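# Coordinates in review
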Amino acid sequence: MRVVVIGAGVIGLSTAFCIHERYHSVLQSLDVKVYAERFTPLTNTDVAAGLWQPYLSEPSNPQEARWNQQTFNYLLSHIGSPNAADMGLAPLSGYNLFREAVPDPYWKDVVLGFRKLTPRELDMFPDYSYGWFNTSLILEGRKHLQWLTERLTERGVKFLLRKVESFEEVARGDADVIINCTGVWAGALQPDPLLQPGRGQIIKVAAPWIKHFIITHDPERGIYKSPYIIPGIQAVTLGGIFQLGNWSETNNIQDHNTIWEGCCRLEPTLKDAKIVSECTGFRPVRPQVRLEREQLPVGSSNTEVIHNYGHGGYGLTIHWGCALEVAKIFGKILEERNLLRMPPSHL
Amino acid sequence: MGTVRVATVGAGVMGLSTAVCISKLVPRCSITVISEQFTPETTSDVAAGMLIPPVYPDTPIHKQKQWFKETFDHLFAIANSAEAEDAGVLLVSGWQIFRSIPTEEVPFWADVVLGFRKMTEDELKKFPQHVFGQAFTTLKCEGPAYLPWLEKRLKGSGGLILTRRIEDLWELHPSFDIVVNCSGLGSRQLAGDLKIFPVRGQVLKVQAPWVKHFIRDGSGLTYIYPGISNVTLGGTRQKGDWNLSPDAEISKGILSRCCALEPSLHGACDIREKVGLRPTRPGVRLEKELLAQGSRRLPVVHHYGHGSGGIAMHWGTALEATRLVSECAQALRTPAPKSKL
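As recorded in an unreviewed UniProt entry, chain B goes by D-aspartate oxidase and comes from Lipotes vexillifer. UniProt annotates chain B under Cofactor (unreviewed entry) with the comment "FAD".

As recorded in an unreviewed UniProt entry, chain A goes by D-amino-acid oxidase and comes from Lipotes vexillifer. UniProt annotates chain A under Sequence similarities (unreviewed entry) with the comment "Belongs to the DAMOX/DASOX family." For the record of chain A, the UniProt heading Cofactor (unreviewed entry) holds the text "FAD".

### Comments concerning the overall build of chain B
For chain B, the count of helices and strands is 9 helices and 15 strands. For chain B, the C-alpha radius of gyration of 21 Å lies close to 20 Å, the compact-globule estimate for 341 residues. Residues counted as buried form 59% of the 341 residues belonging to chain B. In chain B, 77% of the contacts between residues at least 6 apart in sequence involve partners at least 24 apart. When the accessible surface of chain B is totalled, it reaches about 14000 Å², and 53% of it is carbon and sulfur. Across chain B, the mean location of the 39 positive side-chain charges is 4 Å away from that of the 33 negative side-chain charges.

### Here's the deal with the overall build of chain A
Within chain A, the secondary structure is distributed over 9 helices and 15 strands. The C-alpha radius of gyration of chain A comes to 21 Å, within 12% of the 20 Å expected for a compact globule of 347 residues. Expressed as lengths along the three principal axes of its C-alpha atoms, the size of chain A is roughly 65 × 40 × 35 Å. In chain A, which comprises 347 residues, the proportion classed as buried is 59%.

### Brief notes about the UniProt feature "domain: FAD dependent oxidoreductase" (unreviewed entry) in chain B
UniProt's feature table lists "domain: FAD dependent oxidoreductase" (unreviewed entry) at residues 6-323 of chain B, given in the numbering used throughout. Between the end C-alpha atoms of residues 6-323 of chain B the distance is 13 Å, and the span holds 28% helix and 31% strand.

### Considering the UniProt feature "binding site: D-dopa" (unreviewed entry) in chain A
Residue and element names in this part refer to chain A. Per the UniProt record, "binding site: D-dopa" (unreviewed entry) is annotated on Gln-53 and His-217. Across 165 residues in sequence, these annotated residues keep their C-alpha atoms within 13.1 Å of one another, forming a single compact spot. By secondary structure assignment, the location of Gln-53 is in the loop between helix 2 (44-47) and helix 3 (62-76). Accessibility expressed as a relative area gives 8% for Gln-53, which makes it buried. Among residues more than four places away in sequence, those in contact with Gln-53 are Asn-96, Trp-107, Phe-213, Ile-215, His-217 and Thr-317. Position of His-217 relative to the elements: it lies in the loop between strand 9 (213-216) and strand 10 (228-231). Setting aside its immediate chain neighbours within four residues, His-217 contacts Gln-53, Leu-56, Asn-96, Leu-97, Phe-98, Tyr-128 and Ser-226. A distance of 2.8 Å separates the side chain of His-217 from the side chain of Asn-96, its partner in a polar contact.

### Looking at the pattern of salt bridges
Residues and elements named next belong to chain A. One pass over the structure, following the stated rule, counts 42 salt bridges over all chains. The closest approach of N and O atoms between Asp-127 and Arg-265, which form a salt bridge, is 2.7 Å. Residue Asp-127 is found in the loop between helix 5 (119-122) and strand 5 (130-139), and its partner Arg-265 is found in helix 8 (residues 253-266); the two are separated by 138 residues along the sequence. On the accessibility criterion, Asp-127 (30% relative accessible area) is partly exposed. With relative accessibility at 59%, the residue Arg-265 sits in the exposed group. Close ionic contact of Arg-290 with Glu-294 constitutes a salt bridge, the shortest N to O distance being 3.4 Å. Taken together, the salt bridges that share partners define one network made up of Arg-293, Glu-304, Lys-332 and Glu-336.

### Observations concerning the environment of A:Leu30
Residue and element names in this part refer to chain A. Of note, Leu-30 is situated in the loop between helix 1 (10-23) and strand 2 (31-36). Overall, Leu-30 belongs to the buried group, its relative accessible area being 15%. As for Leu-30 and Trp-132, which are separated by 102 residues in sequence, their C-alpha atoms are 46 Å apart. Discounting residues that sit within four places of it in the chain, Leu-30 has contacts with Met-1, Val-3, Ile-19, His-20, Tyr-23, His-24 and Phe-330.

### Things to note about the packing of helix 1 of chain A against helix 6 (residues 141-154) of chain A
All names here are of chain A. In contact at an axis separation of 10 Å, helix 1 and helix 6 are set at 30 degrees when each is read in the N-to-C sense. In this structure, helix 1 meets helix 6 at a crossing whose hand is left-handed. In contact with Val-10, Leu-13, Ser-14, Ala-16 and Phe-17 of helix 1, helix 6 contributes His-144, Leu-145, Leu-148, Thr-149, Arg-151 and Leu-152. Across the contact of helix 1 with helix 6, the residue classes tally to 7 nonpolar, 3 polar and 1 charged.

### A closer look at the packing of helix 3 (residues 61-79) of chain B against helix 9 (residues 310-333) of chain B
Pairs of packed helices are described in terms of their axes, by the angle between the two and the distance that separates them. All names here are of chain B. The N-to-C vectors of helix 3 and helix 9 enclose an angle of 105 degrees; their axes lie 6 Å apart at closest approach. Comparing their axes, helix 9 and helix 3 come out roughly perpendicular. Where helix 3 abuts helix 9, its residues Lys-63, Gln-64, Gln-66, Trp-67, Phe-68, Glu-70, Thr-71, His-74 and Leu-75 lie against Ile-311, Ala-312, Met-313, His-314, Trp-315, Gly-316, Thr-317, Leu-319, Glu-320 and Arg-323. Classifying every residue of the contact of helix 3 with helix 9 by side-chain character gives 8 nonpolar, 7 polar and 4 charged.

### Section: the sheet that holds strand 2 (residues 29-35) of chain B
All names here are of chain B. Read from one edge of the open sheet, 6 strands run 6-2-1-7-15-14, paired in mixed fashion. Looking at strand neighbours, the two that pair on one side only are strand 6 (160-163) and strand 14 (285-293), the edges of this open sheet. Across this sheet, the average inter-strand angle for adjacent strands is 25 degrees, counted without regard to direction. With 4 bridges joining them, strand 2 and strand 6 adopt parallel strand pairing. Across the sheet, the residue bridging to Ile-34 is Leu-162, located in strand 6. Its contacts with the sheet put helix 1 (residues 13-25) on strand 1 (4-9), strand 2, strand 7 (178-181) and strand 15 (296-304), and the angle it makes with strand 2 is roughly 170 degrees. Against the sheet, helix 6 (residues 143-156) engages strand 2 and strand 6, with an angle of about 125 degrees to strand 6.

### A closer look at the nonpolar core
Core analysis: the largest hydrophobic core is formed by 95 residues, its most contacted members being A:Leu238, A:Leu270 and B:Tyr146. Per-element accounting of this core gives the leading share, 11 residues, to helix 9 of chain B. Not counting chain neighbours up to four residues away, the residues in contact with B:Tyr146 comprise B:Val13, B:His74, B:Leu75, B:Ile78, B:Ala87, B:Val89, B:Cys141, B:His314 and B:Trp315. Core analysis: the next-biggest nonpolar cluster, separate from the first, contains 60 residues, A:Ile19, A:Leu137, A:Leu148 and A:Cys322 among them.

### So, empty space enclosed by the protein
According to the stated counting rule, one finds 4 cavities of 30 Å³ or more in the structure shown. Here the largest cavity is characterised by a volume of approximately 190 Å³. In this structure, the largest cavity is lined by 17 residues; those nearest its centre are A:Ile214, A:Glu267, B:Ala79, B:Asn80 and B:Leu91. Counting residues per element, the lining of the largest cavity draws most heavily on strand 3 (residues 89-98) of chain B, at 3 residues. Partitioned by chemical class, the residues of the lining of the largest cavity number 12 nonpolar, 3 polar and 2 charged. Quantified by volume, the second largest cavity comes out at close to 100 Å³. Forming the boundary of the second largest cavity are 15 residues, of which A:Pro91, B:Lys126, B:Trp210, B:Val211 and B:Glu262 lie nearest the centre. Counting only elements with at least two residues in the lining of the second largest cavity, the list comes to strand 3 (89-98) of chain A together with strand 9 (213-217) of chain B. Per-element accounting of the lining of the second largest cavity gives the leading share, 3 residues, to strand 3 of chain A. Of the residues belonging to the lining of the second largest cavity, the class tally is 9 nonpolar, 3 polar and 3 charged.

Procedures and definitions
- Residues numbered from 1 in each chain as written.
- Chains lettered and ligands numbered in written order.
- Predicted model: local features only at pLDDT ≥ 70, side-chain atom pairs only at ≥ 80, totals over all residues.
- Heavy atoms only, no water.
- UniProt positions renumbered as here; feature names shortened; annotations may be inferred.
- Helix = DSSP H or I, 4+ residues; strand = E, 2+ residues; numbered from the N terminus.
- Rg over C-alpha atoms; globule rule 2.2 N^0.38 Å.
- Buried < 20%, exposed > 50% of the residue type's maximum accessible area, 1.4 Å probe, protein only.
- Contact = heavy atoms within 4.5 Å.
- Areas by Shrake-Rupley, 256 points an atom, 1.4 Å probe, with all protein chains shown as cover.
- Lys, Arg positive; Asp, Glu negative; His and termini not counted.
- Charge placed at Lys NZ, Arg CZ, Asp CG, Glu CD.
- Polar contact = N/O pair within 3.5 Å; in protein donor to acceptor, adjacent residues only side chain to side chain.
- Salt bridge = Lys/Arg side-chain N within 4 Å of Asp/Glu carboxyl O.
- Axes fitted to C-alpha atoms, helices over the stretch in contact; angles between N-to-C directions.
- Left-handed = near helix turned anticlockwise from the far one by under 90°.
- Nonpolar A, V, L, I, M, F, W, Y, C, P; charged D, E, K, R; others polar.
- Parallel < 35°, antiparallel > 145°, perpendicular 65-115°, else oblique.
- Pairing = 2+ DSSP bridges.
- Core = buried A, V, L, I, M, F, W, Y, C linked by side-chain atoms within 4.5 Å.
- 1 Å grid on protein atoms, 1.4 Å probe; cavity = no way out; pocket = protein on both sides within 12 Å on 5 of 7 lines; lining within 4 Å.
- Points joined across faces, edges and corners; volume = space filled by probe spheres on them.

Below you can see the structure in the form of structure tokens.
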């Protein structure tokens, strides 16, 4: 069984890992390769701050809520492992701020210690009058990709720097099953009018006195268009940019100013913080994640493609639940082809 | 009497904060801080500086709460301002956990810190050996940044700083009119106070920047306090032990106990050992004393003995010490029958 995963962001690597973990011992042979044009630190995952937090409104596909929760619980089970920091994983608490009262989010019982902010806490944020406090997790994109790369390499998974032009080319060459984790660039392999870039720009600063995330919300402007501050392991990510349809990969000075002014107003202690880096990424925005099987006729047979892309600004938040789902679909393919030596009882 | 000349003995958090308060609040006085040790060599530099107060058996609870609240409010304002980084003050959230249900589930300071509540069952799962916990957000005030910040403010208001070891408070007479004694353990000698004794604390300062929460065992013996540039792991409470040299076995024990609470600390590096002697007393000594020798008089305000609660209580007690200095200054300025003093 030859599997090719296209894409080496968190979706591609975690899916490769999940499949290998679950099936390498139940298959005669399992060969997994990752093809990608960009590897860490050049993927969109590397730009993401990595805070586990879904969007506030319920997803149009209820499965996504379940995948988010599975991801949180999976990551939480690794807190308490000596390796957590190597994985890029740590608990992180913080504030969600609003200008008026809002209903509790559907994930309030997934995170830990969810509560409303007290008046004295709100005093710290004069522009906001309502908010939440909870303990969540941070999964730093870059560190996690490095960790996944090491784990995959240990398992004999090969990585190839390759620009894939079509599924056919991969099918004819190498693959029985293709996992399409091409994120925001999926349209190049198969047109998808539902997929758009949600351009984001972030500034990373050295501000090690900041130990909490602070995320503001402005329902009129939309998600990620309001300042946010998310401390990572070494640096603090400042953001607040979300531009649908903008493919510009260069940092923009107006966006820089928007982020800087918004975050300094929110957190005056940032005034003299040193800027470490600044980058741009593209959230793969879609009304819902495309996670489904497709059979492509190639030559005289069918090649299985499992799509797993379109995770918007919540890729790290949902990645493991999606990887598990892809693994399930993969298992079904194996069953259909009578390839399993024993049933995958642990699924 | 023109300018009242005040000398503060000691340049830890008590000496410097009292000097700053006096320079701001007592009119027409000059202030000089005299000390043998300055930052980063003081006890205040070793302390993690977490605002989680101890209980002083000899001090009424309402007074302790007042001191803690005044300190918290003072530092909270700094933590939310552009001074935060310079002053070494930050907000930290975390958990205090107990192996058995404590008699006092809600301590006197619960409504001074932010967001105080009991930990949920899910939160306690992270600590299988513990059955009860409190979650809250408090402040951390770091000596190595805070003390220089206080020194800068003091100098800005015209205060002076002198390096000198004082063997006897009378050395300050007649150059100074009022002495504020913030000498901590030095008061055994300077004030003949045998009630004050060291409680030795050894800590490790490590690099573990992924740790963003504090974790404190309710016993107070084991704690993990993330700071601006390192994480403090502790600790010990060794009564009557004056030894300032770190003990390697103790360091191993601290690391082991902290890793049990937070296994990711196995990856901590650049481990530095530090020792501080907490100036411990059944209660803080905060009172006036008029020293007399022949015809010489020297008003002294004692301000020491905060044990493990120095940083947590410092501003509140400094304000009170300043009120006492003000009273002494008033008395000196009043041309009155001297016997009243």
